[in-house]
Amino acid sequence: MANERILVVDDEEDILELVDYNLTKNGFSVTGVTSGEDALARARADLPDLVILDLMLPGVDGLDVCKILKSDGKTSHIPILMLTAKGEEADVVTGLELGADDYVTKPFSPRVLVARVRAVLRARAKASIEDDNEKVKIHGLVIDPTRYEALVEGEPVYLTHSEFRLLFLLGRRPGRVFTREQIIDNVHGFDYAVTNRSVDVLIAGLRKKLGDRGGLIETVRGVGYRMKD
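What this report covers is the structure whose coordinates are included nearby. (Residues numbered from 1 in each chain as written. Predicted model: local features only at pLDDT ≥ 70, side-chain atom pairs only at ≥ 80, totals over all residues. Heavy atoms only, no water.)

1. Some remarks on the pairing of strand S1 (residues 5–9)
For S1, the tally of buried residues reaches four of five residues, placing the bulk of the element in the interior. Here five bridges tie S1 to strand S2 (residues 29–33), and the two strands are oriented parallel to one another. Counted as the bridge partner of Arg-5 is Ser-29 from S2. Between the parallel pair S1 and S2, the chain is carried across by helix H1 (residues 13–25), and the sense of this crossover is right-handed. As paired elements, S1 and strand S3 (residues 50–54) share four bridges and run parallel to each other. Directly across from Val-8, in S3, lies its bridge partner Ile-52. (Buried < 20%, exposed > 50% of the residue type's maximum accessible area, 1.4 Å probe, protein only. Helix = DSSP H or I, 4+ residues; strand = E, 2+ residues; numbered from the N terminus. Pairing = 2+ DSSP bridges. Right-handed = clockwise from strand over helix to strand, strands pointing away.)

Take a look at the structure:
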């Protein structure tokens, strides 16, 4: 994955550095804070793609941060991955009931943490595209997910199921770059056996069917694809 912004909340500097290093190495943009108060302020200001939240924080603790973020319409959509110590099973249950998406127990393997982050982001992205039935109108395109219909200047474009889901994915978030892995997860589903090369073929076919509008789908070299903003 690439481009996702992760807010890491932990009062232990060494944990922050460990998480920052491993997530940055894997292409994420990381911001770290050490208190619940700073976490709330930064989450509201930046609207990160995911929050990694330690439950044991001074002042406003992790459970309160989770509760506040999930009860605020501006931040309720942000997935939360909890960091917990052994023996905090009751807090884990409470956090999940408050809306947290997953948890990792300290001490943790950095590889496991990165895998959990990716899994949560994939699940949230897939759920988001399936739950959003709002019609997209952009650059003369109309993409209607309730009818599986795409129009260019009022004329229908006949797309396959995968081509339509790809167009909807890109069109509903113009300017955002999607990696090939994210496209696979959203178009075909998590763990679907599709190669990155097949995504390029899918993009080429969609561009061809869109005709003059095909150029709206831009290649971001070394990263993936986006719809022109």
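2. Notes on the packing of aromatic side chains
In the structure shown here, the tally under the stated rule is two aromatic pairs. A centroid spacing of 6.5 Å and a plane angle of 15° characterise the contact between Phe-164 and Phe-168, whose relative ring orientation is stacked. Here Phe-164 pairs with Phe-168, and both are found in helix H6 (residues 161–171), just four residues apart, close to one helical turn. Judged by relative accessible area, which is 3%, Phe-164 ranks as buried. Here the aromatic cluster, defined as three or more aromatic residues joined through ring pairs, consists of Tyr-148, Phe-164 and Phe-168. (Phe/Tyr/Trp six-rings, centres within 6.5 Å; stacked < 30°, edge-to-face > 60°.)

3. Focus: the pattern of salt bridges
One pass over the full model with this rule turns up 13 salt bridges. A salt bridge links Asp-102 to Arg-116; the shortest N-O distance between them is 3.7 Å. Of this pair, Asp-102 sits in strand S5 (residues 102–106) while Arg-116 sits in helix H5 (residues 110–131), placing them 14 residues apart in sequence. Taking the shortest distance from any N to any O, the salt bridge between Arg-147 and Glu-149 comes out at 4.0 Å. What makes Arg-147 exposed here is its relative accessible area of 59%. With relative accessibility at 26%, the residue Glu-149 sits in the partly exposed group. Each member of the salt-bridge network shares a partner with another, and the members are Asp-10, Glu-12, Asp-54 and Lys-106. (Salt bridge = Lys/Arg side-chain N within 4 Å of Asp/Glu carboxyl O.)

4. Observations concerning the pairing of strand S8 (residues 149–152)
Of the strand pairs in this sheet, strand S7 (residues 141–144) and S8 are connected by four bridges, and their pairing is antiparallel. Pairing of Ile-143 across the sheet is with Ala-150, part of S8. Remark: four residues form the turn of the hairpin made by S7 and S8, two consecutive strands paired antiparallel; Tyr-148 in that turn has positive phi of roughly 50°. Alignment of S8 against strand S9 (residues 155–157), held across three bridges, turns out to be antiparallel. Residue Val-152 lies in a different strand from S9, and its bridge partner there is Glu-155. Hairpin geometry of S8 and S9 is characterised by an intervening segment of two residues between the two adjacent antiparallel strands and by a positive phi of about 50° at Glu-153.

5. A look at the sheet that holds S8
Whenever strands of a sheet pair, they do so through backbone hydrogen bonds, lying parallel or antiparallel. With antiparallel pairing, the four strands of this open sheet are ordered in space as S6-S7-S8-S9. Of all strands in the sheet, those bounded by a partner on one side alone are strand S6 (136–138) and S9. Ignoring strand direction, the axes of neighbouring strands in this sheet form an average angle of 25°. Relative to S7, S6 is paired through three bridges, and the arrangement is antiparallel. Looking at S7, one finds that Val-136 is bridged to Ile-143. Sitting on the sheet, H6 touches S6, S7 and S8, and the angle it makes with S7 is about 115°. (Axes fitted to C-alpha atoms, helices over the stretch in contact; angles between N-to-C directions. Contact = heavy atoms within 4.5 Å.)

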